[in-house]
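Single-letter residue listing:
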Amino acid sequence: MRKIIVTTVLAIVAMAANAQKFALIDMEYILKNVPAYERANEQLNQVSKRWQAEVEALNTEAQTMYKNYQNEVVFLSQEQKKAKQDAIMQKEKESSDLKRKYFGPEGELFKKRTALMTPIQEEIYNAVKDISDLRGYSLVLDRASDAGIIFGSPKIDISNEVLQKLGYAN
C-alpha cells in the first residue's frame, strides 16, 4: 500500500514538474543547526529523566513492600494480609497512573514537547513558505523523511537558504 502511495505521489510530481517548480529540504539538517531545537531537546530529556525517576521510585517502593510482605506473610492474620496486599496494589496503581500521566499519549511529556517544538516548527514552516513564495515553488519535500525520495539534486535543496532565513547562516 505504501509503495503504491509513494509511486502515485512521484508520478504526480513528475507530471507536474513540467509546469511547476519544486525543491527539497533536509529537516534533520535544519533542526541540527537550530540552537533552540537542541535546547528544547535537552529540556525534554531532563524533564523526562526526572519524571522517570519518580515513577521508578514508586516501583521500587512497591517492590520493597512486596518483599516485606513475603517475609512476613506467615505471621500475618487474614485481615493484615489483605491490608498489605491492598497497600501494595495501591502503590503499583499509583506508579502506573503517574507513568500514564507523564508519558501517556496525551501526557505531560507530549504537552511539553508540543509547547517547546511547535514554535520552532512554525518558524521553519514560515521560512520555507516565504522562500517558496519568493521562488515560485509549488512543492517542497523533506528528504529526511521516509517519503521514498531516492535521489534529490543538491541544486534544488534549499536547506541552507532556510537556515539563513531563520538567522542561522551556515
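Whatever comes next refers back to the structure up there.
In this text, all values refer to a predicted model and were calculated from it rather than measured experimentally.

Engineer: So, the overall build of the protein: which residues are in play, and what are the values?
Structural biologist: Looking only at helices and strands, the protein features six helices and two strands. Beginning at the N terminus, the succession of helices and strands in the protein can be written as α-β-α-α-α-α-β-α. Within the protein, the fraction of its 170 residues that count as buried is 24%. Considering only intrachain contacts with a sequence separation of at least 6, the fraction spanning at least 24 residues in the protein is 77%. Here the protein has roughly 11800 Å² of accessible surface; of this, 55% comes from carbon and sulfur atoms.

Engineer: Please give an account of the nonpolar core that cites residues and values.
Structural biologist: Of all hydrophobic cores here, the largest spans 25 residues; its most connected members are Ile30, Ile120, Ile124, Ile158, Val162 and Leu166. Those elements that place two or more of their residues in this core are strand S1 (21–25), helix H2 (27–32), helix H3 (35–72), helix H4 (78–103), helix H5 (108–135) and helix H6 (159–166). Apart from residues lying up to four places away in sequence, Ile120 is in contact with Leu31, Val34, Ala36, Tyr37 and Ala40.

Engineer: I'd like a rundown of the packing of aromatic side chains, residues and numbers included.
Structural biologist: Overall, the coordinates contain three aromatic pairs when judged by the stated rule. When the centroid spacing of 6.3 Å and the interplanar angle of 80° are considered together, the rings of Tyr102 and Phe103 count as edge-to-face. Residue classification places Tyr102 among the buried residues on the basis of a relative accessible area of 8%. Through pairs of rings, three or more aromatic residues link up here, namely Trp51, Tyr102 and Phe103.

Engineer: If you had to explain the packing of H3 against H4 to someone new, which residues and values would you point to?
Structural biologist: Packed helices, taken two at a time, are described by the angle their axes make and the gap between the axes. At a minimum axis distance of 9 Å, the contact between H3 and H4 shows a crossing angle of 165°. What the angle tells us is that H3 and H4 run roughly antiparallel. Every pair of crossing elements has a handedness; the one defined by H3 and H4 is left-handed. A class-by-class count of the residues in the contact of H3 with H4 yields 12 nonpolar, five polar and nine charged.

Engineer: Can you break down the pattern of salt bridges residue by residue, with the values?
Structural biologist: Following the criterion strictly, the structure yields 10 salt bridges and no others. Here Lys91 makes a salt bridge to Glu61, at a shortest N to O gap of 3.0 Å. Of this pair, Lys91 sits in helix H4 while Glu61 is found in helix H3, placing the two residues 30 residues apart along the sequence. For Glu61, a relative accessible area of 38% corresponds to the partly exposed category. Between Lys93 and Asp97 there is a salt bridge, with its nearest N and O atoms 2.8 Å apart.

Engineer: Can you break down H4 residue by residue, with the values?
Structural biologist: The end-to-end C-alpha separation of H4 is 37 Å, in line with the 38 Å expected for 26 residues at 1.5 Å each. Where H4 is concerned, the buried positions are Ile88, Lys91, Ser95, Leu98 and Tyr102. Close packing links the buried residues of H4 with H3 and H5.

Engineer: Report on H3, specifying residues and quantitative values.
Structural biologist: The terminal C-alpha atoms of H3 lie 55 Å apart, and with 38 residues this matches the ideal 56 Å at 1.5 Å per residue to within 8%. Inspection of H3 places Ala40, Leu44, Val47, Trp51, Val55, Leu58, Ala62 and Tyr69 among the buried residues, and these make up the whole buried set. For H3, the secondary structure elements touched by its buried residues are H4 and H5.

Engineer: Describe the packing of H5 against H6, with residues and values.
Structural biologist: Viewed as axis vectors pointing N to C, H5 and H6 meet at an angle of 115°, and their least axial separation amounts to 9 Å. With respect to H6, the element H5 is oriented roughly perpendicular. When the axes of H5 and H6 are compared, the crossing they make is right-handed. On H6, the residues that touch Glu123, Ile124, Ala127, Val128, Asp130, Ile131 and Arg135 of H5 are Glu161, Val162, Lys165 and Leu166. For the contact of H5 with H6, the class distribution of residues is six nonpolar, no polar and five charged.

Cut-off values and rules
- Per-chain numbering applies: the sequence of each chain, read as written, is numbered from 1 onward.
- A pLDDT threshold of at least 70 governs which residues receive local features in this predicted model, and a stricter bar of 80 or more applies before side-chain atom pairs are shown or counted, although totals over entire chains, interfaces and linings include all residues.
- The basis for every side-chain value is the complete set of non-hydrogen atoms in the structure, without hydrogens or water.
- Here a strand is any run of E in DSSP of at least two residues, a helix any run of H or I of at least four, and the numbering for each starts at the N terminus.
- Between buried and exposed lies partly exposed: a residue is buried under 20% and exposed over 50% of the maximum accessible area for its type, with that area taken using a 1.4 Å probe on protein chains only.
- Contacts are assigned to residue pairs with any non-hydrogen atoms lying within 4.5 Å of each other.
- Surface accessibility in these figures is a Shrake-Rupley result with a 1.4 Å probe; residues are shielded only by whichever protein chains are displayed.
- Grouping buried Ala, Val, Leu, Ile, Met, Phe, Trp, Tyr and Cys residues that are joined through side-chain atoms within 4.5 Å yields what is termed a nonpolar core.
- Here is the rule: rings of Phe, Tyr and Trp (six-membered ring for Trp) pair when centre to centre is within 6.5 Å. Planes less than 30 degrees apart are stacked, more than 60 are edge-to-face, and the remainder are tilted.
- Between the N-to-C directions of two axes lies an angle of 0 to 180 degrees, each axis being a line fitted to C-alpha atoms and, for a helix, fitted only over the stretch in contact.
- Roughly parallel here means an angle under 35 degrees, roughly antiparallel means over 145, roughly perpendicular means 65 to 115, and every remaining angle is called oblique.
- Two helices cross in a left-handed way if the nearer one is turned anticlockwise from the farther one by less than a right angle. They cross in a right-handed way if the turn is clockwise.
- Classes in brief: Ala, Val, Leu, Ile, Met, Phe, Trp, Tyr, Cys and Pro nonpolar; Asp, Glu, Lys and Arg charged; the others, Gly included, polar.
- Each reported salt bridge corresponds to a side-chain nitrogen of Lys or Arg within 4 Å of a carboxyl oxygen of Asp or Glu.
- By this rule, a helix spans an expected 1.5 Å times one less than how many residues it contains.

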